[in-house]
Amino acid sequence: MNPLALTIFLLSLAIGTTITLSSFHWLLAWIGLEINTLAIIPLMTKTPHPRAIEAATKYFLTQAAASALILFSSLINAWQTGEWNINSLTDLPMNALSIAIMMKLGLAPLHFWMPEVLQGISLPTGLILSTWQKIAPMTLLLQTSHLLNLNLTIALGLTSILIGGWGGISQTQIRKVMAFSSIGHLGWIVVILKFNPLLSLFNFMLYIIMTTAMFMALIAMSTTKMSQISTSWSKTPALSASTMLVMLSLAGLPPLTGFAPKLLITLELVKQDATLLASMVMLISLLTLFFYLRLTYIITLTLPPNTPNSLLIWRTPSKSLPPTAIMNILALTLLPLA
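Rules behind the numbers
Residues numbered from 1 in each chain as written. Predicted model: local features only at pLDDT ≥ 70, side-chain atom pairs only at ≥ 80, totals over all residues. Heavy atoms only, no water. Core = buried A, V, L, I, M, F, W, Y, C linked by side-chain atoms within 4.5 Å. Buried < 20%, exposed > 50% of the residue type's maximum accessible area, 1.4 Å probe, protein only. Helix = DSSP H or I, 4+ residues; strand = E, 2+ residues; numbered from the N terminus. Contact = heavy atoms within 4.5 Å. Expected span 1.5 Å × (residues − 1). Axes fitted to C-alpha atoms, helices over the stretch in contact; angles between N-to-C directions. Left-handed = near helix turned anticlockwise from the far one by under 90°. Nonpolar A, V, L, I, M, F, W, Y, C, P; charged D, E, K, R; others polar. UniProt positions renumbered as here; feature names shortened; annotations may be inferred. Salt bridge = Lys/Arg side-chain N within 4 Å of Asp/Glu carboxyl O.

Can you help me understand the nonpolar core in this one?
Side chains that are nonpolar tend, in soluble globular proteins, to be buried together. Ranked by internal contacts, the top residues of the largest apolar core, which has 56 residues, are I40, M44, Y59, L129 and M178. Here this core gets 10 residues from one element, more than from any other, and that element is helix 10 (residues 197-221). Once residues lying within four places of it in the same chain are set aside, the contact partners of I40 are L13, Y59, T125, I128, L129 and Q133. Grouped together as the second largest cluster of nonpolar side chains are 29 residues, L140, L141, V190 and L193 included.

Got a minute to help me understand helix 4 (residues 91-105) in this structure?
In an α-helix, one turn spans 3.6 residues; hence positions three or four apart end up facing the same way. Over its 15 residues, helix 4 runs 21 Å from end to end, which matches the ideal 21 Å to within 8%, given 1.5 Å per residue. Taken together, the buried positions of helix 4 are occupied by P93, M94, L97, S98, A100, I101, M102, M103, K104 and L105. In the core, the buried residues of helix 4 are packed alongside helix 2 (26-44), helix 3 (50-81), helix 5 (113-120), helix 7 (132-143), helix 8 (150-169) and helix 9 (174-191).

For this particular structure, what's the right way to read the environment of T212?
Secondary-structure assignment places T212 in helix 10. For T212, a relative accessible area of 13% gives the class buried. Separated by 107 residues in the primary sequence, T212 and L105 place their C-alpha atoms 17 Å from one another.

Help me out: how do you make sense of the packing of helix 5 against helix 9 in this one?
The description of two helices packed together rests on the angle between their axes and the distance between the axes. Running from N to C, helix 5 and helix 9 cross one another at 145°; their axes reach a closest spacing of 8 Å. Handedness of the crossing formed by helix 5 with helix 9: right-handed. Contact residues: M114, P115, E116, L118 and Q119 in helix 5; R175, K176, M178, A179, F180, S182 and I183 in helix 9. Considering only residue class, the contact of helix 5 with helix 9 consists of 7 nonpolar, 2 polar and 3 charged.

Just checking my understanding: could you explain the UniProt feature "transmembrane region" (unreviewed entry) in the chain for this structure?
Feature annotation in UniProt places "transmembrane region" (unreviewed entry) on residues 56-76, 96-114, 148-170, 177-195, 201-224, 236-254 and 274-293, given in this structure's numbering. With 87% helix and 0% strand, the stretch residues 148-170 has end C-alpha atoms that lie 34 Å from each other. Counted over residues 201-224, helix gives 88% and strand 0%. Its end C-alpha atoms are 29 Å apart.

I keep staring at the pattern of salt bridges and nothing clicks. Help me out?
Should their charged atoms come close, side chains of opposite charge can pair. Taken as a whole and judged by the stated rule, the model has 6 salt bridges. Salt-bridge contacts for K58 lead to E54; the nearest nitrogen and oxygen are separated by 2.7 Å. Separated by 4 residues within a single helix, K58 and E54 lie in helix 3, roughly one turn from each other. Using a relative accessible area of 29% as the deciding quantity, one classes K58 as partly exposed. Residue classification places E54 among the partly exposed residues on the basis of a relative accessible area of 34%.

This is the structure in structure tokens:
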């Protein structure tokens, strides 16, 4: 892609997110979300493959439907209350709005677009879709967290954790595994959103760090399938070892970073007398643990039959290693700081 065009699209992404983050007016928030959506579509189709075009079309249609619902519900709210302020919402528009925002985020049962879209695009664009594109809708949810319907958030959060675990088990494509992982993590974030918005924000920040680390490692190893990951150890042992630890961090195993949000969310739910909900969330997340352990098994304990006994072959481009290493360190060692 032309560097000038790429710069314009990336700047548009940044501007769209900034507009949504700094807006108090629903129309401005909607404009920011629209700029975001329109800026990422050319990035998705920069390799003109039918699969990429299909992914971009699915993404555009889903996001357009969610944006239309956001505009429609904020319009109804303005008609009822005479205000466009983000925090002045009545019950019906608030429910419609939260469903629309959760559709933009890819929460279950409005998640069907997410694995398909992520599978059809390149790894760098997948990284933007899994991290940056979630920031604007998540800030809107956090700003309106005190108005959310508790039953709706818990139902969608639980469904997301369940589908995030269940859907990832049978996958052989790593991008689809990351899509289901994203759905599961967003489920954890939304379950606690009404009880403790700050904890949700903390969880979201750690999710962005861990997902970025994972995608950067995959980009450095240029792997998109499980069969490719099984041969990565003989090519780049150090990177494969750190990728394995990042996977375990995403799964939420102590003493890695991913354990912090799960521990704090469980403690908060118990404190709020939602012990049954906490135990359900923990049990369902064992499904996610299963497919991460499967990936770590494939990456470390299986070796291809034709591995040379001579010196290891290092094929990782050196310029991608420093940022990948920094993100990996953050994804593994933030638990004591947290």
